[in-house]
Amino acid sequence: MSAHANEVATERGEGYVLVRLAGEVDLSWSQQVRRAVLAAIEQDAAVGVELSRVSYIDSSGIAALVEGFQAARGRGSRFALVAVSDAVRAVLELARLDRVFVLVATPDALPAA
Amino acid sequence: MIRSSARPLPPPSVAPAPARMREADTLAFLAELSQALAVSLDLRQTLSETVRRVAEFMQVEGAALFLLGEGSDGDARSAGVLECRVCVGPVDITGARLAVGQGVVGRAEAENATQVVVDAANDARVWREGDDATGFVTTSLVCAPLATANGPIGALEIVNRRDGRAFTDADAELLGLVAAPAALAINNARMARDLIEQQRLKREFDLARRMQRSLLPRRRRDGFPVTGVNRPAHEISGDFYDYFELADGRVGFVVGDVSGKGLDAALLMVRTASLLRWAGKDGLAPGAWLARANEELCETAQEGRFVCALVGYCDRAGTHVTFAGAGFPPVVVERRGAFSEFGSGGPPLGILPGMVFDQHAIALEGGTLYAFSDGATDVRDASGQPIGGAGVRELIARHARASLDARVRGLLDDLKRLRLVDDTTLLIVEAPRAAAPDVLLARSVPAKAEELRGLRAALRGSLDELGLDPLLRDRLVLAVDEACSNIIRHAYGADGGGSIGLQLARCGPWLRFELTDSAPCSDLARMKPKPLGDCRCGGMGLALIDEVMDDWRLERGAGGRGNRLVLSKRIDEIDEGNE
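Residues numbered from 1 in each chain as written. Chains lettered and ligands numbered in written order. Predicted model: local features only at pLDDT ≥ 70, side-chain atom pairs only at ≥ 80, totals over all residues.

**Side note on the overall build of chain A**
- Looking only at helices and strands, chain A features 3 helices and 5 strands.
- For chain A, the sequential pattern of α-helices and β-strands runs β-β-α-β-α-β-α-β.
- When each of the 113 residues of chain A is scored for burial, the buried share is 44%.
- For chain A, the share of sequence-separated contacts (at least 6 apart) that also reach a separation of at least 24 residues comes to 70%. (Helix = DSSP H or I, 4+ residues; strand = E, 2+ residues; numbered from the N terminus. Buried ≥ 20, exposed ≤ 12 C-beta atoms within 10 Å, placed from the backbone. Contact = placed C-beta atoms within 7 Å.)

Here it is, written out as structure tokens:
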């Protein structure tokens, strides 16, 4: 298990905003993740949450993603999960949410997602 | 060469040793006979061979071999009696019996000396009824005793020389020479026969022991409330135990001890074990259960045989026990170091019909019921005294705090060290404990979200040691983490403080995750998992726990304070070898 430090960073790309997450998303900082995702959606662009370096996510982390997904839909914005790690995918499948989210491999695919 | 000095009449004509008795021939004959007898381990064949060869070489009309009864073949009459086992000649006297001292044969045996009868018609030693019964006329005879280092075993007799002459000293000497290897061969054949018999008996005993052991139920490790163990003092045990589940969820148990040892006790044990199982499966109250078995055994059991037994039921959780004893040693119940004893409810089974058996109904209250067959109280201490009930209680107290496995091992080892003088059987009834040695992880952390990462890592490590599939491992970690998050968020809430205790234990095929907190008691009614796949927030943690675990339950904490959440997952697919 690769142990990344918990990290959230937002960057602007060509026609999208990308929120990069790393580490283990749990109750200790999922509120921080939630705020970053909602802030990105405020920017009226396609939003992606990059999860390749996320080795763990709990229901509070998933809830932050769900809230982002619903907020983006309310604004008519695109929202997708990017480069989802196996650990995150397993939890999405367990929560039956793997078909709810749009999953893309790279941020380049975001504007078309 | 011992010869009888009692020779009342001299031979009528003293002929020189005939040519047929040449020394070279005699030596050749003896050598040949010895060789033939040396390779023969079959008693009957050894006997016939001896008699046939002697009759042929010595040119006589008849020859017979008598053996002294061993009294061991079930025929008491044979003891101390000489019986003709094989003969050649015109009349068959096989089966003829003579007392030691009776007739020439009996005298040869009694005096351990060769007897020569030159003129049978006028010799007082001759037993005449033989001739009277058969019509055979004995004119002259020689009889040599057969003896081994352990004493006389029989006699070899030759009757009437074919040339019509009377037997001579030379004939007597020759017969005496034949008798030695014949006696040796007979002895060897008997020892071989005994050895084969012993091997046959051993095979049968092995079979009986295997059969007996196969009747004992297998040890159950799935949190079953009854455990039995038997350590036989002999190859074959008269003790037995059994347990089974009834359709109504109760568990029936039986432990018994058949009087006596050996094969017939073992056979009665087999019969009683199936009888008690059959009666117990009807769900009869323990007293009636014993009464029914008693009636049946009284009708059929052999005189002097009886069965001590204890029968009863407990609930699957091992909290309440109903039992009745029949001549069984007192049942000992240990509760946190305090002992109570419950005496037998009636006499042993199989003695008197119409008996009534009193039963006890007790709540174990976390205690343990021990039923030892009387073998345990018979165990001797260092000074050779039976340890008795007090010794057994001391033994239990010494091991009471150990896990079930360790306790059973410890009790048996102690009994063994104290010299087992009887079969020992032990039956234990108790609520299945989360066995101490199976605890894989025990942690207590402050109820803070920042602690969760470390807790997850520790849990992951413990599950990896079990050789769990990584996908299942991650799901279990997620479920436990969700439960911890709920405790932090909902149980402690804004007040914070407090701690979370996590214990991971393996109990048979079950993994149990026990989470304890000191928060105000949670209201179970308010805890509702929402369906998975539902995008609305809240309730997802519980839904994930529901999905991952096979079972979970929330209880008040110890002493009514806090909460205790137990999550269970069955993992029987793990290969034991990975542990």
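Structure shown, so let's carry the discussion forward.
**So, the overall build of chain B**
- Within chain B, the secondary structure is distributed over 13 helices and 21 strands.
- For chain B, buried positions account for 36% of its 579 residues.
- Here the analysis covers contacts within chain B between residues at least 6 apart in sequence; of these, 65% occur between residues at least 24 apart.

**Here's the deal with the interface of chain A and chain B**
- Each partner contributes residues to the interface: chain A has 21 residues there, and chain B has 22 residues.
- Broken down by secondary-structure element, the contributors of at least two residues to the side of chain A that touches chain B are helix 2 (59-75) and helix 3 (86-94) of chain A.
- Of all the elements, helix 2 of chain A adds the most residues to the side of chain A that touches chain B, at 7 residues.
- Tallied by class, residues from the side of chain A that touches chain B come to 12 nonpolar, 4 polar and 5 charged. (Nonpolar A, V, L, I, M, F, W, Y, C, P; charged D, E, K, R; others polar.)

**Observations regarding the sheet that holds strand 11 (residues 320-326) of chain B**
All names here are of chain B.
- The antiparallel open sheet is built from 5 strands, whose spatial order is 8-9-10-11-14. Taken across any chain shown, the strands that pair with only one partner, and hence form the sheet edges, are strand 8 (239-245) and strand 14 (359-363). When the angles between neighbouring strand axes are averaged without regard to direction, this sheet yields 15°.
- Against the sheet, helix 6 (residues 263-280) engages strand 8, strand 9 (251-258) and strand 10 (307-314), with an angle of about 160° to strand 9. (Pairing = 2+ DSSP bridges. Axes fitted to C-alpha atoms, helices over the stretch in contact; angles between N-to-C directions.)

**Observations regarding the sheet that holds strand 1 (residues 60-68) of chain B**
Residues and elements named next belong to chain B.
- A sheet is described by the order of its strands in space; here 6 strands give the open sequence 3-2-1-6-5-4, paired in antiparallel fashion. Every interior strand has two partners, whereas the edge strands, strand 3 (97-99) and strand 4 (115-117), have only one. When the angles between neighbouring strand axes are averaged without regard to direction, this sheet yields 25°.
- For strand 5 (residues 141-148) and strand 6 (residues 151-161), the ladder comprises 8 bridges, and the chain directions are antiparallel. Of the residues in strand 6, the one forming a bridge with C143 is E157.
- Here helix 3 (residues 103-111) sits on the sheet and contacts strand 1, strand 2 (81-88), strand 3, strand 4, strand 5 and strand 6; the angle it forms with strand 5, its principal contact strand, is near 35°.
- Relative to the sheet, helix 5 (residues 169-215) contacts strand 4, strand 5 and strand 6, its axis offset from that of strand 5 by approximately 35°.

**Overview of the environment of B:E32**
- If you trace the backbone, B:E32 turns up in helix 1 (residues 23-39).
- Exposure remark for B:E32: the 12 C-beta atoms within 10 Å place this residue in the exposed category.

**Quick look at helix 13 (residues 540-548) of chain B**
- Counting buried positions along helix 13 of chain B yields 7 of 9 residues, so the element is predominantly enclosed.
- The complete set of buried residues in helix 13 of chain B reads B:M540, B:G541, B:L542, B:A543, B:L544, B:I545 and B:V548.
- In this fold, the buried residues of helix 13 of chain B make contact with helix 2 and helix 3 of chain A together with helix 12 (470-492), strand 20 (551-556) and strand 21 (563-570) of chain B.

**Considerations on the packing of helix 1 (residues 30-41) of chain A against helix 2 of chain A**
Residue and element names in this part refer to chain A.
- Interhelical geometry of helix 1 versus helix 2 gives an angle of 15° and a closest axis separation of 9 Å. Taken as axis vectors, helix 1 and helix 2 run roughly parallel relative to one another. With respect to the hand of their crossing, helix 1 and helix 2 are arranged in right-handed fashion. Residues S30, V33, R34, V37, L38 and I41 of helix 1 form the contact with helix 2, whose own contacting residues are S60, G61, A64, L65, E67, G68, A71, A72 and R75.
- Residue composition of the contact of helix 1 with helix 2, by class: 8 nonpolar, 4 polar and 3 charged. (Parallel < 35°, antiparallel > 145°, perpendicular 65-115°, else oblique. Left-handed = near helix turned anticlockwise from the far one by under 90°.)

**Remarks on the nonpolar core**
- Residues A:I62, B:A479, B:V480, B:A483, B:I487 and B:L544 are the most contacted members of the largest nonpolar core, which totals 70 residues.
- Among the elements that line this core, the one with the most residues is helix 12 of chain B, at 10 residues.
- If near-sequence neighbours (up to four positions away) are discounted, A:I62 is found in contact with A:I57, A:V91, A:A95, A:L97 and B:M540.
- Judged by nonpolar contacts, the second largest core, of 55 residues, contains B:L268, B:A326, B:F372 and B:L427. (Core = buried A, V, L, I, M, F, W, Y, C linked by C-beta atoms within 7 Å.)

**Some thoughts on unusual backbone geometry**
All names here are of chain A.
- With a phi angle near 45°, A83 is a residue other than glycine that sits in the positive phi range.
- Note on placement: A83 falls in the loop between strand 4 (79-82) and helix 3.
- Residue class for A83 comes out partly exposed when judged on the 18 C-beta atoms lying within 10 Å of it.

**Points about helix 6 of chain B**
All names here are of chain B.
- Here helix 6 spans 25 Å end to end across 18 residues, near enough to the 26 Å set by a 1.5 Å rise per residue.
- For helix 6, the complete set of buried residues consists of A265, A266, L268, M269, T272, A273, L275, L276, A279 and G280.
- Where helix 6 is buried, its residues touch helix 5, strand 8, strand 9, helix 7 (286-300) and strand 10. (Expected span 1.5 Å × (residues − 1).)

**Here we look at the pairing of strand 1 of chain B**
Residues and elements named next belong to chain B.
- Counting buried positions along strand 1 gives 9 out of 9 residues, so the element sits mostly inside the fold.
- Examined bridge by bridge, strand 1 and strand 2 share 6 bridges and lie antiparallel to one another. Note that in strand 2 the partner of L65 across the bridge is V86.

**Quick word on the environment of B:L466**
- Structurally, B:L466 can be placed in the loop between helix 11 (452-465) and helix 12.
- Along the chain, B:L466 and B:L440 lie 26 residues apart, while their C-alpha atoms are 9.0 Å from each other.

**Some words on the confidence of the model for chain B**
All names here are of chain B.
- Considering every residue of chain B, the mean pLDDT works out to 83; 85% of them sit at 70 or more.
- Ranking the elements of chain B by mean pLDDT puts helix 8 (residues 374-378) last, at 65, and strand 11 first, at 95.
- Across residues 1-17 the pLDDT falls below 50, and counting only partners more than four positions away or on other chains, this stretch makes 24 contacts in the model.
- A low-confidence stretch, residues 573-579 (pLDDT under 50), is modelled with 5 contacts involving residues beyond four sequence positions or located in other chains.
- Under the prediction, the complex receives an ipTM of 0.92, its pTM being 0.46. (pLDDT = per-residue confidence, 0-100.)

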